[in-house]
Number of protein chains: 4
Amino acid sequence: MTPIRYGMVGGGRGAFIGAVHRKACALDGEAVLVAGALSSDPERARASAADLGLDPSRGYGTWREMLERESALAEDERIELVSIVTPNDAHFEPALAFVEAGFAVVCDKPLVHTSEQAERLAAAVRERGSVFAVTYNYTGYPLVREARDLVRRGELGEIRKVVVGYTQGWLSTLLEATGQKQADWRTDPARSGVAGAMGDIGSHAENLLATITGLHVTHVCADLTTFVDGRKLDDDASVLLRLDGGARGVLTASQIAIGYENQLEIGVYGTAGSLSWRQEEPNELVLRKPDEPVRILTRGNPYLGEAAQKATRIPSGHPEAFIEAFANVYLGAFEAVRARAANTTPGPLEADFPTVEDGARGVRVIERVVESSASDEKWLAV
Amino acid sequence: MTPIRYGMVGGGRGAFIGAVHRKACALDGEAVLVAGALSSDPERARASAADLGLDPSRGYGTWREMLERESALAEDERIELVSIVTPNDAHFEPALAFVEAGFAVVCDKPLVHTSEQAERLAAAVRERGSVFAVTYNYTGYPLVREARDLVRRGELGEIRKVVVGYTQGWLSTLLEATGQKQADWRTDPARSGVAGAMGDIGSHAENLLATITGLHVTHVCADLTTFVDGRKLDDDASVLLRLDGGARGVLTASQIAIGYENQLEIGVYGTAGSLSWRQEEPNELVLRKPDEPVRILTRGNPYLGEAAQKATRIPSGHPEAFIEAFANVYLGAFEAVRARAANTTPGPLEADFPTVEDGARGVRVIERVVESSASDEKWLAV
Amino acid sequence: MTPIRYGMVGGGRGAFIGAVHRKACALDGEAVLVAGALSSDPERARASAADLGLDPSRGYGTWREMLERESALAEDERIELVSIVTPNDAHFEPALAFVEAGFAVVCDKPLVHTSEQAERLAAAVRERGSVFAVTYNYTGYPLVREARDLVRRGELGEIRKVVVGYTQGWLSTLLEATGQKQADWRTDPARSGVAGAMGDIGSHAENLLATITGLHVTHVCADLTTFVDGRKLDDDASVLLRLDGGARGVLTASQIAIGYENQLEIGVYGTAGSLSWRQEEPNELVLRKPDEPVRILTRGNPYLGEAAQKATRIPSGHPEAFIEAFANVYLGAFEAVRARAANTTPGPLEADFPTVEDGARGVRVIERVVESSASDEKWLAV
Amino acid sequence: MTPIRYGMVGGGRGAFIGAVHRKACALDGEAVLVAGALSSDPERARASAADLGLDPSRGYGTWREMLERESALAEDERIELVSIVTPNDAHFEPALAFVEAGFAVVCDKPLVHTSEQAERLAAAVRERGSVFAVTYNYTGYPLVREARDLVRRGELGEIRKVVVGYTQGWLSTLLEATGQKQADWRTDPARSGVAGAMGDIGSHAENLLATITGLHVTHVCADLTTFVDGRKLDDDASVLLRLDGGARGVLTASQIAIGYENQLEIGVYGTAGSLSWRQEEPNELVLRKPDEPVRILTRGNPYLGEAAQKATRIPSGHPEAFIEAFANVYLGAFEAVRARAANTTPGPLEADFPTVEDGARGVRVIERVVESSASDEKWLAV
């Protein structure tokens, strides 16, 4: 299988998530990085490209330059897909431009700053039938896919309640004042958007809920707090949710819970059973049925559904983790790119990744949560 | 040490929690059951007394009879303390009457049906300086007491956020329709009060939060749901909380989470550290400090504070559990009774139990949560 | 039900395990302590009896005195059962004497010092059909009984391998040199017998293995070590086992594993499934079957067998622990005493406790392990 | 940094571990596969090379052909390192030949079939100062490296006891009779060597013990069993160990424990503390010190030592797992290759991988364990 040629926007020196995207793409040998506009600073962008061993002619100073020059290359040479890993404020313009120029796009989350942007982007994708994936990377875990399948197969019956939380502690002090780059942009409204914890990690929680249950948030009642003096955005979020079909939910996101690392966890309670999953032990999925022993489903076993099987590389007990889940989102996008090149329609197992619509819905939820927190009205419709 | 003579109201044939109270009292040999009005049905009450081997003359048909006859006994013969373990609707009258007659009282939770009743009861207790304990039994766990001490000693700094949840699944169907006695009264507004899950288990969650953090709920924003068709009270509660001093909280209580047994758990996040505890593994307390390994504190160790040490019977690794925690609440009440008899003032370690004020506050929170759930206003003050 | 009248040998001031026995007996109200020879020192014995509120006439100075005087009491007044909770060297004589005098006996483990003593005692019990229980207390856990049932019902198929370990750290220094009473006698060959860790805790491990699997040790190959300078007995044991019917085993017991509290754990692997259980989280039993999710069985659920149901007091999720398990052993002995008094034969569920034969077998295993450790021969038959 | 050019022996169609090696090499972009002799069947070897997109001229039919042809290429074109991922019987010849021809080698474990082969290979490596790594991949986990550092820094004091177990269930039936390729060669003495479970997974356990503690096995007393009828090699091993300096150990390895996936776990008990680690939750390391709370060290934190920090890619709470650990062994070999090319000496942090000496020691232990199991002598010196 010939690897997909991809380019990257953002992710140069000093960045964090760009390197994760590259490792995820490299892992399975299905893609090769051939171009990049790796920083908003052109010089730094080119130096970063050199660091990565890119051909100097394809280490671009800006994403506009990359778009123009790659578009001019022969079809079998130019990049097929662009990965956008910049801070949130620099997603919309390149994403829209690359979509409009006919490239496949993988974009980090939250998708964009406003639901207006989100709608324009989604419309562009719909219009062209573009391949567009949003790296809600936790959806790539095999057992998240199994959880989704259990719900779809009716193992849990009708969903009544969902409790999802994303708990971290790394922003329990004013880390942004120390110059720490990740803290700096994530707490800056200009780059991060209207929400802090809610946007950065609450968006993952919302997407995880929607992915597993297939239910969307219809109403929110939120309490956002900024606990750390001098911080410009919320660092803690507590949200009551109403979901499609009468289900209820609670979403919490916190970045001030000292000593918590990356505890994303979800519990889903239905009329026929319950499930729970925790990101820090991703190879286990807990299923509870009435009057039966608790069942621990583990990755790599024959009793799992096709989606979980497909998302697994190595035998059970040989743990797979964050990078593999990230890679699974990319593998889905790659399959969609190949299918499109071959003029075929990929099945749902093949092109299994969060879409621009998922991303747009996430942006709307963030916006409404922020509004709700400032409002005296109890419930805001999404 | 001469055992305390106690009587019991409720807890006869077919009851559940009465037997737990009796085992808790028997465990350490510090109290002996000598009288009882064990059912609202006089015949059943007397038969239950015979089952328990009580002297027939002290197996009363009603609590009023017990009150009258015990009051007439010699001081060194009559009961010193009465334990009230009836359904919620039958707490107020006997509790008030026994207090007014000068007896010590241990009463199950939630204390009473209305905050008006709670205030009357609390006033009576205050007026007489009575010994009055409410069996928020989870406060008796050694590591809950350690958690409270960690907060008091400032190990967590200023508390910012508390997340407390109490998750069960036993009412995920209309169990009350089958005649199951526990389900029957707990879902009946006449006996259980204005709230279902919120009253039965949410009240434990509220008390656990208050006990550990020392913070009280100032405002609530609640969403109560009745998921099971035909049920008369909520079986699920999600509540946003505002606490003293600017702290935030989330409280959930659910009885429809299939396969969950009795998962009461709490996380407390402060400016200097975090702690978490889970009732189903009560011998572990997790403490997190910035940039340090997670610490698991376990019962029975020398590094624990005095209150946790005192609440422990056997060495670490030999697990203690629910009944022992229950017994610890009683031991506190017994010490208070002895101190009062000796005209001494017990120290806080000696008379360590939830008070009538704790119970009254719990009733107010339940009431306001119910109102909030029905209201369009976002925040209701407690 | 009239409580059983029991007496106690040992367990006075400064003792540890005696108080646990008393709490276990008190918990369910089925027995009442009416007599005691609570110390080898007569004065201390009488003072301890006063501490416990015994009638002074039945606070004896020696067990011989207790035997003589109780035997002389009317049948409906004298003790029905004696509980022997002295250090190991003081089990044999009173146990044999009380058996021969027609009393029921509950004796702590390891039963006696030598297999010759064990055989004499077992013969006396057999001859008279006495009720005689050995407090291998871990067998009283509901989920240990469930594990035994799973094996008996064939859920695991034929047993191939058992790995059992008992890991503690409290003797990692020469604690006996500090005067700590528990360390003092347990490391003294005169009182503890030929083995240290192997006798004190290895004997529990051996019994747990035999109880759950129904298999007996046929050959041992042992390596006992005394790691702490100045100690007189082993503080660490590693033993290869051959079991009935070709099964293999490994038994470890250590008291020098710093920070380990009381980690008794067992894994049993059969041709049709595996199970594992850990004493420090006793309310969970793990069952694994081929190509199925791992199942966690928890106490108090309807899918458990009769023995586990019977050994449970309160609903699932309300944890029961060490004292309750201890009490279950006693409840079995009490049922046997009652049955004998009524001239009936108790069923296996009723009189469920470790017998003198179990105790005798334990003594033989300890002896052979000690011999094996000193031998160049690889395998010694038990 | 220019990627290392490497070739692979074995790992073609139908193989398992070869793909893991390739993913591990690809993950960090530090190596590129440019040549291969991917099967013992030349046609399959060339087809496998085509599958992987290798230049057809470098998809060799045999390793001898690869050795000859690569040796003839220019120094800046030929492979710098060869990765040998064949069944055990096909390690020795290519490993020796590539070493003698001056190539760096990464070889799977167990190293070779006999200690005579191991000695010859080790001698060749010593003579030439070759880079030679053995993929005891579990040593690449960051927290295994931290465990090693804790021991080296004296945090555990003097090591007294080590308990290491590797428990699997996949060979609980005669899987080799079904044609399953992994089962087929691993249970075949001709390809796997003198040991089954002991060689395949027991060797990992032995190496983990030696890596963490720095102690070597001096004597063994073993009981190997073949539980599955028709199997030619052991599927279960229980071994008592004597270690350097008087420490004791127990090693178990089993492939018949139904439902166990890949449970490699180790406990190390010293005079100043204990540690434990479990492969299936590799991001946690448990440290116990006297009279202190249990500490859970987690990957990616600033309190970890340099070796663990260096072996980490992404922040704490974003789990890394099996492939990353595997990649860490390779990264060490790559650094050694680069250092050698640059005529520098890599520091211990740079060239951190298991050596040919580790592999040779492992072979000797396996041999002696097999001899011990067949012997009536209790202890065999290694």
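Here, every reference points to the structure presented above.
Fair warning: this is a prediction, and the values are worked out from it, not measured in the lab. (Residues numbered from 1 in each chain as written. Chains lettered and ligands numbered in written order. Predicted model: local features only at pLDDT ≥ 70, side-chain atom pairs only at ≥ 80, totals over all residues. Heavy atoms only, no water.)

Colleague: Please give an account of the interface of chain C and chain B that cites residues and values.
Modeller: Taken residue by residue, the interface counts 30 residues in chain C and 30 residues in chain B. Roughly 2300 Å² of surface becomes buried between chain C and chain B when both sides are summed, with 61% attributable to carbon and sulfur atoms. Run the count over chain C and chain B and you get two salt bridges. The residue Asp28(C) makes a salt bridge to Lys23(B) at a minimum N-O spacing of 2.6 Å. (Contact = heavy atoms within 4.5 Å. Buried area = accessible area lost by both parts, 1.4 Å probe. Salt bridge = Lys/Arg side-chain N within 4 Å of Asp/Glu carboxyl O.)

Colleague: I'd like a description of the pattern of salt bridges, backed by residues and values.
Modeller: Residue and element names in this part refer to chain C. Under the definition given, this model contains 128 salt bridges over all chains. Put simply, Glu281 and Arg278 hold a salt bridge, and the shortest N to O gap is 3.2 Å. Given the relative accessible area of 24%, Arg278 is considered partly exposed. (Buried < 20%, exposed > 50% of the residue type's maximum accessible area, 1.4 Å probe, protein only.)

Colleague: I'd like a description of the environment of Ser203(D), backed by residues and values.
Modeller: All names here are of chain D. Note on placement: Ser203 falls in helix 9 (residues 197-213). Exposure remark for Ser203: the relative accessible area of 1% places this residue in the buried category. Spatially, the C-alpha atom of Ser203 lies 8.1 Å from that of Val365, the residues being 162 residues apart in sequence. If we skip the residues at most four places from it in the chain, Ser203 touches Lys109, Pro110, Tyr136, Met198 and Ile366. One polar contact links the side chain of Ser203 to the main-chain carbonyl oxygen of Gly199, over a distance of 2.5 Å. (Helix = DSSP H or I, 4+ residues; strand = E, 2+ residues; numbered from the N terminus. Polar contact = N/O pair within 3.5 Å; in protein donor to acceptor, adjacent residues only side chain to side chain.)

Colleague: Can you lay out the relation of the copies chain C and chain B for me, pointing to particular residues and giving the numbers?
Modeller: Mapping chain C onto chain B is achieved by rotating through 180° and translating by 0.0 Å along the same axis, at an RMSD of 0.0 Å. Here the copies are linked by what is in effect a two-fold axis. Ranked by how close their C-alpha atoms come to the rotation axis, the residues of chain C are headed by Leu27(C), at 2.4 Å. Residue by residue, 100% of the interface of chain C is reproduced at the interface of chain B, so both copies engage with the same surface. (Least-squares fit on C-alpha atoms with pLDDT ≥ 70 in both.)

Colleague: Let's hear about the sheet that holds strand 4 (residues 104-107) of chain D: which residues, and what values?
Modeller: All names here are of chain D. Strands sit in the order 2-1-3-4-5 across an open sheet of five strands; the sheet is parallel. Sheet topology places strand 2 (31-37) and strand 5 (132-134) at the edges, where each strand pairs with a single neighbour. With direction set aside, neighbouring strand axes in the sheet form an average angle of 20°. Contacts between helix 11 (residues 322-341) and the sheet are confined to strand 1 (4-9), strand 2, strand 3 (81-84), strand 4 and strand 5, with strand 3 contributing the most and set at about 150° to the helix. (Pairing = 2+ DSSP bridges. Axes fitted to C-alpha atoms, helices over the stretch in contact; angles between N-to-C directions.)

Colleague: Break down unusual backbone geometry for me, citing the residues and quoting the values.
Modeller: Cis geometry marks the peptide bond from Lys109(A) to Pro110(A), where omega comes out at -15°. By the secondary structure assignment, Pro110(A) is in the loop between strand 4 (104-107) and helix 5 (115-128). Of note, the phi angle at Asp291(B) is positive, near 55°, even though the residue is not glycine.

Colleague: So, the interface of chain A and chain B: which residues are in play, and what are the values?
Modeller: Taken residue by residue, the interface counts 43 residues in chain A and 43 residues in chain B. Summed over both sides, the interface of chain A with chain B buries roughly 3300 Å², with 56% coming from carbon and sulfur. Viewed at the interface, chain B and chain A are joined by six salt bridges. For Asp223(A), the salt bridge is made with Arg248(B), and the minimal N-O distance between the two is 3.3 Å. On inspection of chain A and its partner chain B, the count reaches 26 residue pairs in polar contact (both at pLDDT 80 or more).

In short, the description is geometric, and any link to function would need to be established separately.
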